[in-house]
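Each chain, written out:
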Amino acid sequence: MKKQLILLAMLVISIVSFAQEKPYFQQDVAYKMEVTLNDQTHEVYGDIEISYKNNSPDALDKIYMHLWPNAYQDGTALANQFLRNKETDMHYAEIDKLGGINDLDFKINGSKVTWTYDLNHKDIAILELANPLQSGESLTISTPFVVDIPASFSRLGHVKESYQMTQWYPKPAVYDRFGWHPMPYLNMGEFFSEFGSFDVKITLPKNYVVGATGVLQNKKELAFLMEKVKMTNEVIENEEFAKSTKNDSFPPSSSELKTIQYKAENVHDFAWFADKRFYVQKSQVTLASGAKVDTWAMFTNYQGDIWTKGVEYVDRSVLYYSERVGEYPYPHATAVQSALSAGGGMEYPMITVIGPSGDGKSLDNVITHEVGHNWFYGILGSNERDYPWMDEGMNSYYESDYMAKYYGSSGMDIGIPPVAMKLLDAEDLDIEKLAYLWQARQLNNQPMNTTSDELTMINYQMSAYSIPSMMFKYLEMYLGTKEYDRVAQKYYTDWKFHHPYPSDVKAHFEKETGKDLSWFFDEFFNTRKSIDYALGKVVVGKSSTNVTIKNRGEINAPFVISVTKDSTVTNHWFDGFSGTESFDIPAIEGATYSIDANGDMLEIDRKNNFQKRPAKLKFLAGLENPKKKTLYVTPTLGYNAYDGFMLGLGFYNRVFPARDFEFMFTPMFGFNSKTVVGLGSFKYRLYSDKGIFRETTLSTNVRSFNRLENTDDDYFERYTTITPSVRFELRRSDISQTKQFITLKYRHILKEKALLDGINGDFRGKKINDRNIFEGSYELKQNTAFNKTDIEFSILGEGYEKGNGTNVTYIRATLDANYSFKYRKNKKKSFDVRLYAGKFLAHDDADFGTFPMALNSNGFTDNYYDNFYFGREEQSGLLSKQVSLDQGGFKLPIPKTQSFGVTNDLIVTMNIKADLPLRLPLRLPLNLPIKPYIDLGYVKSTAPSATNPTEFFYNAGVALDLFDGILGVYFPLIGTEALMNQQPNFGSRISFNLNLNKLNGLEALRNISL
Ligand SMILES: [Zn+2]
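Keep in mind that this is a model prediction, so the values were computed, not measured.

*Asks:* Can you tell me about the overall build of the protein chain, naming the residues and giving the values?
*Replies:* The secondary structure content of the protein chain amounts to 18 helices and 51 strands. The dimensions of the protein chain, computed from C-alpha atoms along their principal axes, are 110 × 90 × 85 Å. By sequence separation, contacts in the protein chain at least 24 residues apart represent 67% of the contacts at least 6 residues apart. Carbon and sulfur atoms provide 56% of the accessible area of the protein chain, an area that totals close to 45,200 Å². Of the side-chain charges in the protein chain, 109 are positive and 123 negative, and the distance between the mean point of each set is 3 Å.

Here's what the structure looks like:
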């Protein structure tokens, strides 16, 4: 008994001690560097010495070092991330454009140390310490190094003699209370570094202008910069900055060298930018405490016109953040315009680099965002790689507020004219909210607390930047701006020059506000859960109004009841709850009541926030407007050989962003058939975060058109298809490039057939031929940087009544595999292969049956009415030349026959099409997209009436792929004799294909893996 108790006690103690977080500590580092820039070989070489003090309670037996210039090579985490995001520039780059860090010879306290590259990452090294570094002790790491500067693929780089020296020197990874944080360099995903000091000497040709982290130590260099400032001011005064003149020519480098020195304290990185063409602006701001900050802008004459205000933007942003967050602690803030291939701007302590900008406003926007990172990245040094929202999200929140303050709106200006915005119901357009709704309603959003490399490209933008920014705004509105600022300012003072984690932000905000903020930091930031309150009954009383609210969401977040009278909104905030509750609020006579009239919350559905939603009919399209119910209408035009020209109206409820239930209904009048024809569909989508299916779509499509006209007896034969289906998308990892689907489909086809008199053949009326088809299929779609794969395996069974009254059933299996390989860099040139195989597993009909599989898919072999044809039953003329690229995929239009090119048993075909590798030697009009193609086929039949039981076919020619593949025209040139003989001459062998699915923009957008 005693023994057991001891064991239990030991277990408890070990669990407790294991779970206990170590107390906060941070390491100290001090860097000394002396480097030289060789602008002939584009190298930086020199020596580095790092004093490293171990403030942790642990003895360290190794030190992880980042060697990030090595990222610019094949097979690195950076290279892999580029390919995942379909960016192939670095993949296809010549070897001399790549980069690296070489000639390393690490020493610890002057003695050689054993070191290796990390097994998985050559941009991480591990120094094995012969004697562990004890708690409280220091050591010195030193090494020579040569940086081979890559072309501008991401951040570190050069464009000719313009240099962006970032993430360029050997640097220890962070060791903190959670252990080591070695991380390979990434384009999408930022940094985490130890605070310390830098003393850097840079030697380079005398006529380079340099902007860097730290304080310049040389009077002579300062005079050189002031000379540049004078010259720049003259150019500005004379209005000599041309509008966006891209000048790639560089003045020759002076043969004399200079050595300049910078010192910086309390920073965790050192970056510098060198360019002989830089113009320089200088200013200064005085903070509330009286502290002065020097501000600089450096830029070339490319966009010199909008940079003339560059330094003013730096001034204003330093003042804004100092006032709202806390005072800027460094001696200068600088913005430089230089090459950058990772976003619009990039932050480093005291210095930011800005790429090309649209106009003054967007330049201000980017400068402010990057200067703001001095607070959220520079001073509050969080682990951005794992929690990008801690710097990007919190910073974007302030940046939006700055833009709202100085430009009136924080929303992105996407350049749509006001008239069009009104037509689209988009006067209140907030593109970031729409993007959130688009992703979240399809459960494609990812929690904020997802590491950078596990976020998709769009979600990196959203989970790191826009969603947390909107959420912090939500929190501000809930707490009140004054209280929010007090809490945020204290967070800044408590944590500056430290490494806060999400748990620290949460603990701070909860302690300061006295509120439970788990809805925010846990439920919203850790999951895909969404917020949604619905307005219920509103009982207006004399002094107070009773409002019933239902929480339809998954989070008990605070919410606001708005009372609107005229255009004045009074807001009443309440803490979250679950279920249904009612609330008393002061009544205002003649007011309307709603949830969150101003859109301060971030809800997934605002349509249920308002008392009355007037319904209206709207032309063409619009954005979802939560205050209105809208049915869209558009005139539709169609044509087929039997109904003639068709005119009608399309009614639909589809809007952007997506919604769960969507319908479309398009009745049309056929002027030839004088009947109503048309199509319609509805779709209901369900999303789940659990189980094997992430999305389930229930849908039904209906289509009814005439397919034949008999002019002698003046009647039409119509077909109608009703197709309910359910489609499941299998769960996948968020960043997976492969999607899988399982679809179950039932097709009910009603086909009118003329009843003819057995003796004289007179028309005696019509009967309806009824078909029932069941299909199950599995589909795999993969889309990578180099290829596209789409494989579908399907089993289909049908029972129908033959003309003679006998019942026939069959089961058919098909495989349709498409593979497209992009074979040229930076171009869309591709090589497409399709393999099609079909086999009847069972068939009651002894002969070909009514629905054989065919080499050539056209109006009369389209057994299941999958495609639209202008002339479904046409035997001659232009309309008979329309083919579809399903079934055997042969393009030569084979006329309707009982036995040629069809089978009741087995068909295997291969269709190959390729872009020409070179541009054609002769210049064709419109630069026609000509592609050679070849079709190969094997058909085996067991039908008694088959002339050849097995047959091989081939056919080759050229295709014209017009309007991005919507229209294809095929010119068969050579082929198997029997096949070519199906049409009498070259002209009659030409066929065309219309891919209307490509025109459905919203559906196409859904299919893009964002
Ligand atoms: Zn940023």
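*Asks:* Describe the packing of aromatic side chains, listing the residues and the values that go with them.
*Replies:* As enumerated under the stated definition, the model contains 82 aromatic pairs in all. The interplanar angle of 55° and the centroid separation of 6.2 Å between the aromatic rings of Tyr163 and Tyr208 together place this pair among those described as tilted. Residue Tyr163 is found in strand E11 (residues 162-165), and its partner Tyr208 is found in the loop between strand E15 (196-205) and strand E16 (209-212); the two are separated by 45 residues along the sequence. Like Tyr208, Tyr163 is buried.

*Asks:* Residues and numbers for the sheet that holds strand E12 (residues 171-172), please.
*Replies:* The strand order across the open sheet formed by four strands is E7-E8-E3-E12, and the pairing between neighbours is antiparallel. Both outer strands of the open sheet, strand E7 (114-117) and E12, are each paired with one neighbouring strand and no more. The pairing of E7 with strand E8 (residues 124-133) spans four bridges and is antiparallel. Along E8, the bridge assignment pairs Tyr117 with Ala125.

*Asks:* Before we move on, can you summarise the coordination of the zinc ion with the specific residues and values?
*Replies:* In this structure, His369 (NE2), His373 (NE2), Glu392 (OE) and Glu392 (OE) serve as the protein donors to the zinc ion, at separations of 1.9 to 2.7 Å. Note that the zinc ion binds four donor atoms; their angles at the metal cover 53 to 152°, and the shape is irregular. Considered as a linear motif, the donors of the zinc ion on their single chain read H-x3-H-x18-E. Among the residues examined, His369 registers a relative accessible area of 7% and is labelled buried. Residue His373 is classed as buried on the basis of its relative accessible area of 0%.

*Asks:* If you had to explain the environment of Glu476 to someone new, which residues and values would you point to?
*Replies:* Its place among the elements puts Glu476 in helix H12 (residues 457-479). By relative accessible area, which is 3% here, Glu476 ends up buried. Spatially, the C-alpha atoms of Glu476 and Asp600 are 9.2 Å apart, while their sequence positions differ by 124 residues. In this structure, Glu476 is in contact with Arg324, Tyr397, Thr481 and Tyr484, ignoring residues within four places of it in sequence. For Glu476, the side chain forms a polar contact with the side chain of Thr481, separated by 2.7 Å.

*Asks:* Now, about the sheet that holds strand E29 (residues 580-586): what can you tell me, with residues and values included?
*Replies:* The three strands are arranged E25-E26-E29 in an open sheet whose pairing can be described as antiparallel. In this open sheet, the two strands that pair with only one neighbour each are strand E25 (533-540) and E29. Going across the sheet, the axis of each strand differs from the next one's by a mean of 25°, ignoring polarity. In terms of strand pairing, strand E26 (residues 544-551) meets E29 through seven bridges, oriented antiparallel. Residue Ser544 lies in a different strand from E29, and its bridge partner there is Pro586.

*Asks:* Residues and numbers for a nonpolar patch on the surface, please.
*Replies:* On the surface, a cluster of nonpolar side chains totalling about 640 Å² of accessible area is made up of Leu835, Val908, Met910, Leu936, Tyr954, Leu973, Ile974 and Phe986. Residue assignment for the nonpolar patch shows that the elements contributing at least two residues are strand E47 (906-914) and strand E50 (967-975). With respect to the helices and strands, the residue Leu973 is situated in strand E50.

*Asks:* Kindly report on a positive patch on the surface, identifying the contributing residues and their values.
*Replies:* A contiguous patch of positive charge on the surface is contributed by Lys86, Lys788, Lys822 and Lys828. Tracing the backbone shows Lys822 in strand E41 (residues 807-822).

*Asks:* I'd like a rundown of the pairing of strand E9 (residues 138-148), residues and numbers included.
*Replies:* Judged from the eleven bridges that link them, strand E2 (residues 43-53) and E9 form a sheet pairing that is antiparallel. Across the sheet, residue Lys53 finds its bridge partner in E9, namely Ser138. Here strand E4 (residues 100-102) runs beside E9; their pairing, made up of three bridges, is antiparallel. Bridging from a neighbouring strand, Ile101 pairs with Val147 of E9.

*Asks:* Provide a residue-level description of a negative patch on the surface, including the pertinent values.
*Replies:* On the surface, a cluster of negative charge is contributed by Asp712, Asp713, Asp714 and Asp762. Its place among the elements puts Asp713 in the loop between strand E36 (693-710) and strand E37 (715-730). The exposure class of Asp713 is partly exposed, given its relative accessible area of 35%.

*Asks:* Break down the side chain of Lys751 for me, with residues and values.
*Replies:* By the secondary structure assignment, Lys751 is in strand E38 (residues 738-756). No salt bridge is formed by the buried Lys751; its nearest oppositely charged neighbour, Glu873, is found at 5.5 Å. Aside from chain neighbours lying at most four places away, what touches Lys751 is Arg707, Arg718, Tyr719, Lys767, Ile768, Asn769 and Tyr865.

*Asks:* Could you give me a rundown of the packing of helix H13 (residues 481-495) against helix H14 (residues 502-513), with the residues and numbers involved?
*Replies:* It is the contact of H13 with H14, at a shortest axis distance of 10 Å, that shows an interaxial angle of 130°. The orientation of H13 relative to H14 falls into the category oblique. Crossing geometry of H13 relative to H14 is assigned as right-handed. Only Asp504, Val505, His508, Phe509, Glu512 and Thr513 of H14 make contact with H13, whose side of the interface consists of Glu483, Tyr484, Arg486, Val487, Ala488, Lys490, Tyr491, Asp494 and Trp495. Of the residues in the contact of H13 with H14, the class split is seven nonpolar, two polar and six charged.

*Asks:* Please set out the environment of Trp375 residue by residue, giving values where relevant.
*Replies:* In this structure, Trp375 sits in helix H8 (residues 374-379). Residue classification places Trp375 among the buried residues on the basis of a relative accessible area of 0%. Here the alpha-carbon distance between Trp375 and Val318, two residues 57 residues apart in the chain, equals 9.9 Å. Once residues within four sequence positions are removed from consideration, Trp375 is found in contact with Val318, Tyr321, Ser322, Val325, Gly326, Glu327, Tyr328, Leu380 and Tyr492.

*Asks:* Explain the nonpolar core to me, and be specific about the residues and the numbers.
*Replies:* Of all hydrophobic cores here, the largest spans 174 residues; its most connected members are Trp168 and Trp272. If one sorts the elements of this core by residue count, H12 sits on top with nine residues. For Trp168, the contacting residues outside a window of four places in its chain are Met33, Val35, Val44, Pro69, Ile101, Phe145, Val147, Leu156, Phe270, Ala271 and Trp272. Within the second largest apolar cluster, 27 residues are counted, among which are Met646, Tyr800, Tyr864 and Phe953.

*Asks:* Describe H12, and please don't skip the residues or the numbers.
*Replies:* Spanning 23 residues, H12 covers 32 Å between terminal C-alpha atoms, matching the ideal 33 Å at 1.5 Å per step. At Ser463, H12 is deflected by roughly 40°, the largest bend along its length. Counted residue by residue, H12 has 18 buried out of 23 residues, so it is predominantly covered. Taken from the residues just after H12, Gly480 is the one with a positive phi, measuring 95°.

*Asks:* Tell me about the pattern of salt bridges, and name the residues and values.
*Replies:* A complete count under the given rule lists 54 salt bridges for this structure. The partner of Glu779 in a salt bridge is Arg727, with the nearest N and O atoms 3.7 Å apart. In this pair, Glu779 is assigned in strand E39 (residues 763-783) and Arg727 in strand E37, connecting sequence segments 52 residues apart. Its relative accessible area of 27% is what places Arg727 among the partly exposed residues. Taken together, the shared-partner salt bridges in this structure form one network comprising Glu483, Arg486, Lys490, Asp494, Lys511 and Glu512.

*Asks:* Describe the pairing of strand E28 (residues 568-574), listing the residues and the values that go with them.
*Replies:* With seven bridges connecting them, strand E27 (residues 559-565) and E28 associate as antiparallel partners. Paired with Ser562 across the strands is Asn571, a residue of E28. What sits between the antiparallel neighbours E27 and E28 is a turn of two residues, in which Asp566 has the positive phi angle 50°.

*Asks:* Mind laying out the side chain of Asn904, listing which residues take part and the relevant values?
*Replies:* Inspection of the secondary structure assignment puts Asn904 in the loop between strand E46 (902-903) and E47. Among the polar contacts made by the side chain of Asn904, one reaches the main-chain carbonyl oxygen of Asp847 at a distance of 3.4 Å. Of the polar contacts made by the side chain of Asn904, one reaches the backbone nitrogen of Thr942; its length is 3.0 Å. Aside from chain neighbours lying at most four places away, what touches Asn904 is Phe840, His843, Ala846, Asp847, Phe848, Ser941, Thr942 and Ala943.

Rules and cut-offs
- Residues numbered from 1 in each chain as written.
- Predicted model: local features only at pLDDT ≥ 70, side-chain atom pairs only at ≥ 80, totals over all residues.
- Heavy atoms only, no water.
- Helix = DSSP H or I, 4+ residues; strand = E, 2+ residues; numbered from the N terminus.
- Contact = heavy atoms within 4.5 Å.
- Areas by Shrake-Rupley, 256 points an atom, 1.4 Å probe, with all protein chains shown as cover.
- Lys, Arg positive; Asp, Glu negative; His and termini not counted.
- Charge placed at Lys NZ, Arg CZ, Asp CG, Glu CD.
- Phe/Tyr/Trp six-rings, centres within 6.5 Å; stacked < 30°, edge-to-face > 60°.
- Buried < 20%, exposed > 50% of the residue type's maximum accessible area, 1.4 Å probe, protein only.
- Pairing = 2+ DSSP bridges.
- Donors = N, O, S within 2.8 Å, 3.2 Å for Na, K, Ca; no water.
- Tetrahedral: all angles 85-135°; square planar, octahedral: opposite > 155°, others 65-115°.
- Polar contact = N/O pair within 3.5 Å; in protein donor to acceptor, adjacent residues only side chain to side chain.
- Axes fitted to C-alpha atoms, helices over the stretch in contact; angles between N-to-C directions.
- Patch = residues over 30% accessible without salt bridge, like charges linked within 9 Å, V, L, I, M, F, W, Y side chains within 5 Å.
- Salt bridge = Lys/Arg side-chain N within 4 Å of Asp/Glu carboxyl O.
- Parallel < 35°, antiparallel > 145°, perpendicular 65-115°, else oblique.
- Left-handed = near helix turned anticlockwise from the far one by under 90°.
- Nonpolar A, V, L, I, M, F, W, Y, C, P; charged D, E, K, R; others polar.
- Core = buried A, V, L, I, M, F, W, Y, C linked by side-chain atoms within 4.5 Å.
- Expected span 1.5 Å × (residues − 1).
- Bend = angle between axes of the 7 residues up to and from the residue.

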